[in-house]
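Below are the chains, spelled out letter by letter.
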Amino acid sequence: MTNTPILRRRGALVPPVVAALAILGCIALAVTEQYLLFLFATLFTLLVFGVPIAVSLAGSCLIYVLLTGRVPDVVVVHRMINGIDSFPLLAIPFFILAGNLMNNGGITTRIFDFAKALMGWMRGGLGHVNVGASIVFSGMSGAAVADAGGLGTIEIKAMRDAGYDQEFAVGITAASSTIGPIIPPSLPMVIYGVMASVSVGQLFVAGLVPGLLMGLVLMLMIFFLARRRGYQRDAAFSLPVLWQTFKRAFFSLLTPLIIVGGIMTGAFTPTEAAIAAVVYALFLGGVVYRTLTWNRLLKVSMETIETTAVILLIVAGASIFAWILTSNQVTQHVVELLGPFADNPIATLIIINLVLIIVGCFMETIAAITILVPVLLPLAVASGVDPVHFGVIMVLNLMIGLLTPPVGMVLYVLSRVSNIPFEQCMRGTLPFLVPLVIALLLVTFIPAISMWLPTLIYR
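All of these numbers come straight from a predicted model, not from anything done at the bench.

## Considerations on the overall build of the chain
A tally of regular secondary structure across the chain gives 21 helices and 0 strands. Intrachain contacts of the chain at a sequence separation of at least 6 include 80% that bridge at least 24 residues.

What follows is the structure in structure tokens.
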């Protein structure tokens, strides 16, 4: 399973007449020398035409530079290279490779079986199993789409076979997959840490409690819906079965302990933890379980190379975009515009959350982070919000965006792997947006949920 679909456009999003109006708008803005508005309009127009997000970002910036003539066009390439010249970004390909190795090494099945033995006795048992398996797998992959595509196939089939409504099965699978980038490791938090110059290790630790909170509120919603729809328990609790599944999954369950424990104890940096995760995944798949063949390893390696290239292209394109915004003092203008709210962190956070929710509906997570961090982070810091806390808020917001149209890439992935229409996937997901929004509000307005553990370990 590759993460690539989340990073690509799936064709034009609006009718041609709107695209034509967008082109005319760009021309009008260029003629009137409204260059910054022209930059945003060009980006929107390219996205409308279905141009990949990385090309849209870099292309709109190049057109802007050529049109204004303020700096040489070679600056675009220079800034793009600087944008990805970062040691923490080395964690990205290794975490992607580790997640792909887990998915292709039979590890996800063992995790699901253990979660079923542990939680299947509760009402709506497979729904709780779904969440529990996602929490465990989130400590390995760091990507929502990897969770949805890897565990999702197993979970949806099991829930269908047990008689669950397929909308319910897809909905909880989609919602639980958003836990992946919150609990460490997390690809979006690596990107945020690079853009915000914040410790990736602190961000990882800060996401642990909010991720568990997301799992808790989702399980409460499952319990409510199970009672309302008459779902029963899926398995009697059995210590022998629990022990057998635990033994089969034992080495798999050590993976998040190695990654998270290594980071928290200072044994690994996040980048070193990613390398350790790959080595351990290769050991499990090739030596312990012997499910990883040379052909599978080649396939997984090619998927990782492709996905990494797309992610880094987006980071590079967004870096030049963010540099243009910063050099034109857009950040300062935004801070001045929202200046009346600067002394009120609650009002500032409400505004930021609304912006992020809206942006998350239309833009991929990585692109949104790289573009918005230079704009929104100074505003949050001016209001007294810790940058680490803000990082968790931003990533959680954008994870909810993965479940909302028109982008909603987790829904697209689950629609494909489950052969369920996209509209039906969306209907099934709607009830689970409620607990996720509740978790977002709790994390936003109770900073201790995010900051307690980093403060305890790092400060």
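## Some thoughts on the nonpolar core
Grouped together as the largest cluster of nonpolar side chains are 136 residues, with contacts concentrated most on Leu 57, Tyr 192, Phe 390, Met 394 and Phe 432. Contact partners of Phe 432, with chain neighbours within four places excluded, come to Phe 168, Gly 171, Ile 172, Ala 175, Leu 218, Met 221, Ile 222 and Leu 225. Counting 5 residues, the second largest nonpolar core, distinct from the first, contains Phe 114, Ala 117, Ala 249 and Leu 253.

## Observations concerning helix H11 (residues 200-229)
Over its 30 residues, H11 runs 42 Å from end to end, which matches the ideal 44 Å to within 8%, given 1.5 Å per residue. The sharpest bend along H11 reaches about 30° and sits at Leu 208, with the proline Pro 210 one to four residues further on. Where H11 begins, the capping side chain belongs to Ser 199, and its oxygen is found 3.4 Å from the backbone nitrogen of Gly 201. Immediately downstream of H11, the backbone of Gly 230 shows phi near 80°, a positive value.

## Looking at the pattern of salt bridges
On inspection of all chains with the given rule, the structure shows 3 salt bridges. With a shortest N-O distance of 3.2 Å, Arg 427 and Glu 167 are connected by a salt bridge. Here Arg 427 is found in helix H20 (residues 422-445), whereas its partner Glu 167 is found in helix H9 (residues 166-177), with 260 residues between them in sequence. Take Arg 427: its relative accessible area is 45%, and that puts it in the partly exposed class. Using a relative accessible area of 21% as the deciding quantity, one classes Glu 167 as partly exposed.

## Some remarks on unusual backbone geometry
Here the bond from Pro 184 into Pro 185 is cis, since omega is 0°, no more than 30 degrees from zero. One non-glycine residue, Ser 197, adopts positive backbone phi at about 55°. The residue Ser 197 is located in the loop between helix H10 (187-196) and H11 in this model. Judged by its relative accessible area of 70%, Ser 197 is exposed.

## Some remarks on H9
In a regular helix each residue adds 1.5 Å, so 12 residues correspond to 16 Å; H9 covers 16 Å between its end C-alpha atoms and thus fits that length. Within H9, 10 of the 12 residues are buried, which leaves the element mostly enclosed by the surrounding structure. Taken residue by residue, H9 has Phe 168, Ala 169, Val 170, Gly 171, Ile 172, Thr 173, Ala 174, Ala 175, Ser 176 and Ser 177 as its buried positions. Between the side-chain oxygen at the start of H9 and the backbone nitrogen of Glu 167 there is a gap of 2.9 Å, and the oxygen is on Asp 165.

## Some points on the side chain of His 389
Positionally, His 389 belongs in helix H18 (residues 387-401). His 389 sits in the buried class, given a relative accessible area of 3%. Apart from residues no more than four positions distant in its own chain, His 389 is found in contact with Val 443, Thr 444, Pro 447, Ser 450 and Met 451.

## Digging into the packing of aromatic side chains
Tallying each qualifying case throughout the model produces 10 aromatic pairs. Ring geometry for Phe 40 against Phe 321: centres 5.5 Å apart, planes inclined by 85°, an arrangement best described as edge-to-face. A residue pair is termed long-range when its members are at least 10 positions apart, and Phe 40 in helix H2 (residues 35-48) and Phe 321 in helix H14 (residues 294-327) qualify at 281 residues. Exposure remark for Phe 40: the relative accessible area of 38% places this residue in the partly exposed category. Looking at Phe 321, the relative accessible area reads 0%, which means it is buried. An aromatic cluster is present here, built from Phe 114, Trp 243, Phe 246, Phe 250 and Phe 251 joined pairwise through their rings.

## Description of the environment of Leu 414
Relative to the assigned elements, Leu 414 resides in helix H19 (residues 409-418). Residue class for Leu 414 comes out buried when judged on its relative accessible area of 0%. Residues Leu 414 and Ile 156, 258 residues apart in the sequence, show an inter-C-alpha distance of 9.1 Å.

## Focus: a nonpolar patch on the surface
Judged by side-chain polarity, Ile 346, Ile 350, Leu 354, Val 434, Val 437, Ile 438, Leu 441, Leu 442, Phe 445 and Ile 446 come together as a nonpolar surface patch covering roughly 810 Å² of accessible area. Those elements that provide at least two residues to the nonpolar patch are helix H16 (345-362) and H20. For the nonpolar patch, the element with the highest residue contribution is H20, accounting for 6 residues. Counting through the fold element by element, Phe 445 comes out in helix H20.

Rules and cut-offs
Residues numbered from 1 in each chain as written. Predicted model: local features only at pLDDT ≥ 70, side-chain atom pairs only at ≥ 80, totals over all residues. Heavy atoms only, no water. Helix = DSSP H or I, 4+ residues; strand = E, 2+ residues; numbered from the N terminus. Contact = heavy atoms within 4.5 Å. Core = buried A, V, L, I, M, F, W, Y, C linked by side-chain atoms within 4.5 Å. Buried < 20%, exposed > 50% of the residue type's maximum accessible area, 1.4 Å probe, protein only. Expected span 1.5 Å × (residues − 1). Bend = angle between axes of the 7 residues up to and from the residue. Polar contact = N/O pair within 3.5 Å; in protein donor to acceptor, adjacent residues only side chain to side chain. Salt bridge = Lys/Arg side-chain N within 4 Å of Asp/Glu carboxyl O. Phe/Tyr/Trp six-rings, centres within 6.5 Å; stacked < 30°, edge-to-face > 60°. Patch = residues over 30% accessible without salt bridge, like charges linked within 9 Å, V, L, I, M, F, W, Y side chains within 5 Å. Areas by Shrake-Rupley, 256 points an atom, 1.4 Å probe, with all protein chains shown as cover.

It is worth stressing that arrangement in space is one thing and function is another; only the former is reported here.
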